[in-house]
Amino acid sequence: MSQRKPLIAGNWKMYKTGPEAEATASRLAELVGKDESVDVMIAPPFTALALVDRVLNASPIALGAQNLHWEAEGAFTGEISPDMLKAAGCTYVIIGHSERRQYFGESDEGVNRKAKAALANGLKPVICIGESESQRDADETFSVLDKQVRLGLEGLPLRGPEDLVVAYEPVWAIGTGKTATKDQAQEVHAFIRKQLAHFFGQDMAAGIRILYGGSVKPDNIAALMAMPDIDGGLVGGASLKPEIFAEIIQFGA
Ligand code: PEP
């Protein structure tokens, strides 16, 4: 069990209209109550952010976005600026999710620019990294992660460890029902923490939260979180149902 405060984050992807997201967030807030032993974040689609923010007003659940653009404003049709996310009530922003890398050509360099823009605007980036199945089979897991961490996190101006969250999400485990074993995940998390120490120093690295993501469910979260370098979960499918997500949060705490 790690010494860092756990964070359980829900990525709602492209699910839920504004009213649907509002209802889900409202039920989740009821279920979570005032429990502050674990940090909770939900990331609904952009169109639901302001509505969900209102619902979360009296709740400790934080709001996150699923992406952002690095520019402050301009002629960038379809994009959302850091400032817009702040104004909508966001504290966190997910950056470099494997679906964005895979379907929208997001690069490590882009991830780095986005993370810098997020930090400059007081948003906490949740930077996603992870290897594909073929990369794991070819024994490339650590070289892939090394590159993603080196290029994605290069030069981030962290004031403290709470400024940054890293999410290890093996691509082969996302939405597939396959989960990394607790030992597989721990091995990678320890490797990532070593990389973080190289960039940001030992003390900072010891405080940065590293989440595991990939088919997290109520029945596997506790074993994962018992590992020393696993500080929480980034949850996709299982975060869409408030009762199930609340169960995961309970185990996370
Ligand atoms: C995710 O989208 O980040 C994710 C981990 O999805 P799932 O939990 O559905 O595998």
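The rules behind the values
Residues numbered from 1 in each chain as written. Predicted model: local features only at pLDDT ≥ 70, side-chain atom pairs only at ≥ 80, totals over all residues. Heavy atoms only, no water. Salt bridge = Lys/Arg side-chain N within 4 Å of Asp/Glu carboxyl O. Helix = DSSP H or I, 4+ residues; strand = E, 2+ residues; numbered from the N terminus. Buried < 20%, exposed > 50% of the residue type's maximum accessible area, 1.4 Å probe, protein only. Pairing = 2+ DSSP bridges. Axes fitted to C-alpha atoms, helices over the stretch in contact; angles between N-to-C directions. Contact = heavy atoms within 4.5 Å. Left-handed = near helix turned anticlockwise from the far one by under 90°. Polar contact = N/O pair within 3.5 Å; in protein donor to acceptor, adjacent residues only side chain to side chain. Near = heavy atom within 4 Å. Areas by Shrake-Rupley, 256 points an atom, 1.4 Å probe, with all protein chains shown as cover. Nonpolar A, V, L, I, M, F, W, Y, C, P; charged D, E, K, R; others polar.

Topic: the pattern of salt bridges
Working step 1: The final tally for this structure, using the stated rule, is 18 salt bridges.
Working step 2: Here Lys-178 and Glu-133 are joined by a salt bridge, their closest N and O atoms 3.0 Å apart. With Lys-178 in the loop between β6 (165-168) and α8 (182-200) and Glu-133 in helix α6 (residues 133-137), this residue pair connects regions lying 45 residues apart in the sequence.
Working step 3: Taking relative accessible area as the criterion, Lys-178 reaches 39% and is therefore assigned partly exposed.

Considerations on the sheet that holds β6
Working step 1: Read around the closed barrel, the 8 strands follow the order β1-β2-β3-β4-β5-β6-β7-β8; overall the barrel is parallel. Across this sheet, the average inter-strand angle for adjacent strands is 25 degrees, counted without regard to direction.
Working step 2: The pairing of β6 with strand β7 (residues 209-213) spans 4 bridges and is parallel. Residue pairing across strands places Tyr-168 opposite Tyr-212, the latter belonging to β7.
Working step 3: This element, helix α7 (residues 141-153), spans β5 (124-129) and β6 of the sheet and lies at about 155 degrees to β5.

What to know about the packing of helix α1 (residues 18-32) against helix α11 (residues 242-252)
Working step 1: Contact pair α1 / α11: the axes reach a minimum separation of 9 Å and the direction vectors enclose 35 degrees. α1 and α11 meet at a crossing whose hand is right-handed. From α1, Thr-24, Arg-27, Leu-28, Leu-31 and Val-32 reach across to α11, where they touch Pro-242, Glu-243, Phe-245, Ala-246 and Ile-249.

Remarks on the side chain of Glu-106
Working step 1: Relative to the helices and strands, Glu-106 is located in the loop between α4 (98-104) and α5 (108-120).
Working step 2: In this structure Glu-106 comes out as buried when scored by relative accessible area, which is 12%.
Working step 3: Of the polar contacts made by the side chain of Glu-106, one reaches the side chain of Lys-114; its length is 2.9 Å.

Observations regarding unusual backbone geometry
In most cases, non-glycine residues show a negative phi, while peptide bonds are predominantly trans.
Working step 1: Although it is not a glycine, Lys-16 adopts a positive phi angle of roughly 85 degrees.
Working step 2: Relative to the helices and strands, Lys-16 is located in the loop between β1 (7-11) and α1.
Working step 3: Using a relative accessible area of 22% as the deciding quantity, one classes Lys-16 as partly exposed.
Working step 4: With a phi close to 65 degrees, Asp-139 is a non-glycine residue in the positive phi region.
Working step 5: For Asp-139, the location among the structural elements is in the loop between α6 and α7.
Working step 6: You can call Asp-139 exposed: its relative accessible area is 73%.

Here's the deal with the site of the ligand
Working step 1: Surrounding the ligand, one finds 14 residues, the nearest of these being Lys-13, Glu-169, Gly-175, Ser-215 and Gly-236.
Working step 2: Between Gly-175 and the ligand, the recorded distance is 2.6 Å, taken from a backbone N or O atom to an oxygen atom.
Working step 3: With respect to the ligand, the backbone of Gly-237 contributes an N or O atom lying 2.8 Å from an oxygen atom.
Working step 4: Within the complex, the protein chains bury 96% of what would otherwise be the 290 Å² of accessible surface of the ligand.
Working step 5: Across the shell around the ligand, the residue classes tally to 4 nonpolar, 8 polar and 2 charged.

Overview of the pairing of β5
Working step 1: In terms of residue burial, β5 counts as a mostly covered element, since 6 of its 6 residues are buried.
Working step 2: Neither face of β5 is open: one carries Lys-124, Val-126 and Cys-128, the other Pro-125, Ile-127 and Ile-129, and all of them are buried.
Working step 3: Pairing of strand β4 (residues 92-95) with β5 involves 4 bridges; the strand directions are parallel. Looking at β5, one finds that Val-93 is bridged to Pro-125.
Working step 4: Across 4 bridges, the pairing between β5 and β6 is parallel. Among the inter-strand pairings, Val-126 is bridged to a residue of β6, identified as Val-165.

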